[in-house]
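# Coordinate analysis (summary)
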Amino acid sequence: MKYENGYILVDTGMPNKNEQFDDVFLKYGVDPTSIQLIILTHGHLDHVGSVAYLQEFTGGKILCHRSYANALGAGRIEPAVAQKFSGQILNFLSGFLGSKIGCVQADIIVDEEYDLGEYGLSGKVIHTPGHSASSLSILLASGEVLVGDLIREDGSGEVGLGMFYEDKDAVLESLKKIAAFNPRIIYLSHGTTIDNSVLQDFIDAHI
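This section reports on the structure supplied with the text.

## Side note on the environment of Lys 100
Structurally, Lys 100 is set in the loop between helix H5 (85-94) and strand S5 (108-110). The spacing of Lys 100 and His 190 is 90 residues in sequence and 23 Å in space, taken between C-alpha atoms. Non-local contacts of Lys 100, meaning those with residues more than four positions away in its chain, are made with Ala 74, Gly 75 and Arg 76.

What follows is the structure, given as structure tokens:
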């Protein structure tokens, strides 16, 4: 996300993606040192794997939820809870990649919400648990919302909870908080965007 004085990076991808990040920064003409803040939407490996590299490379401050801060400081990921056998298989296979990342101390620890005004953005980060205990979403006054993996597109083009989440009821409560914001566009971490009507239809179908 770009703002007047620089950029905010949301999540850091899988481990060992240093060259890919370098290529992206070069392609889009982004000076890495202009990244002032790195928001971790949750502590799963595919969202925090390169956090140590990007913190050192950019100098940006790290923001995460309190429930993940200690594990982040010890270089550990947040375990992904699989709801399907296929997810358990993926967890098993990903174990060969290791679950340790570089030790990183969070600069900003969120409990319930954090105002992004300090970074020139009209918006906030809010706690939206369910996919994981540490899940955060970003709500901008522009009507744009980033929800991490709280909800995602499945193979058929529909949206769902995916194969990894900790608490379905908590997910639905978090989605209700987002729907109440009446977002114009909702960015999903793995793929596409939806609007609030799609989100509300999903909530109505699952309560």
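## Side note on the sheet that holds strand S9 (residues 144-146)
Strand pairing in a sheet takes place through backbone hydrogen bonds and is either antiparallel or parallel in direction. If you trace the six strands from one edge of the open sheet to the other, you get S6-S7-S8-S9-S12-S13, paired in mixed fashion. The sheet is open, and its two borders are formed by strand S6 (113-115) and strand S13 (193-194), each paired with just one other strand. As paired elements, S9 and strand S12 (residues 185-187) share three bridges and run parallel to each other. Within S12, the residue paired with Val 145 across the bridge is Ile 186.

## Digging into helix H3 (residues 51-58)
Every buried residue of H3 is accounted for by Val 51, Leu 54 and Thr 58. The buried residues of H3 occupy one face: seen down the axis, they fall within an arc of 65 degrees. For H3, the elements touching its buried residues are strand S2 (6-10), helix H1 (18-27), strand S3 (35-39), helix H2 (45-48), strand S4 (61-65) and helix H4 (66-73). Directly after H3, the chain includes Gly 59, whose backbone phi takes a positive value near 80 degrees.

## Regarding the pairing of S2
Two faces make up the sheet, and in a regular strand the side chains alternate between them. Examined bridge by bridge, strand S1 (residues 2-3) and S2 share two bridges and lie antiparallel to one another. Among the inter-strand pairings, Lys 2 is bridged to a residue of S2, identified as Tyr 7. Two successive antiparallel strands, S1 and S2, enclose a turn made up of two residues. As defined by bridge partners, S2 adjoins S3 across four bridges and the pair is classed as parallel. Bridged to Ile 8 within S3 is Leu 37. Regarding the hand of the β-α-β motif, the stretch spanning S2, H1 and S3 is right-handed.

Thresholds, definitions, all that
- Residues numbered from 1 in each chain as written.
- Predicted model: local features only at pLDDT ≥ 70, side-chain atom pairs only at ≥ 80, totals over all residues.
- Heavy atoms only, no water.
- Helix = DSSP H or I, 4+ residues; strand = E, 2+ residues; numbered from the N terminus.
- Contact = heavy atoms within 4.5 Å.
- Pairing = 2+ DSSP bridges.
- Buried < 20%, exposed > 50% of the residue type's maximum accessible area, 1.4 Å probe, protein only.
- Arc of directions from axis to C-beta.
- Right-handed = clockwise from strand over helix to strand, strands pointing away.

Distances and angles like these do not, on their own, reveal function.
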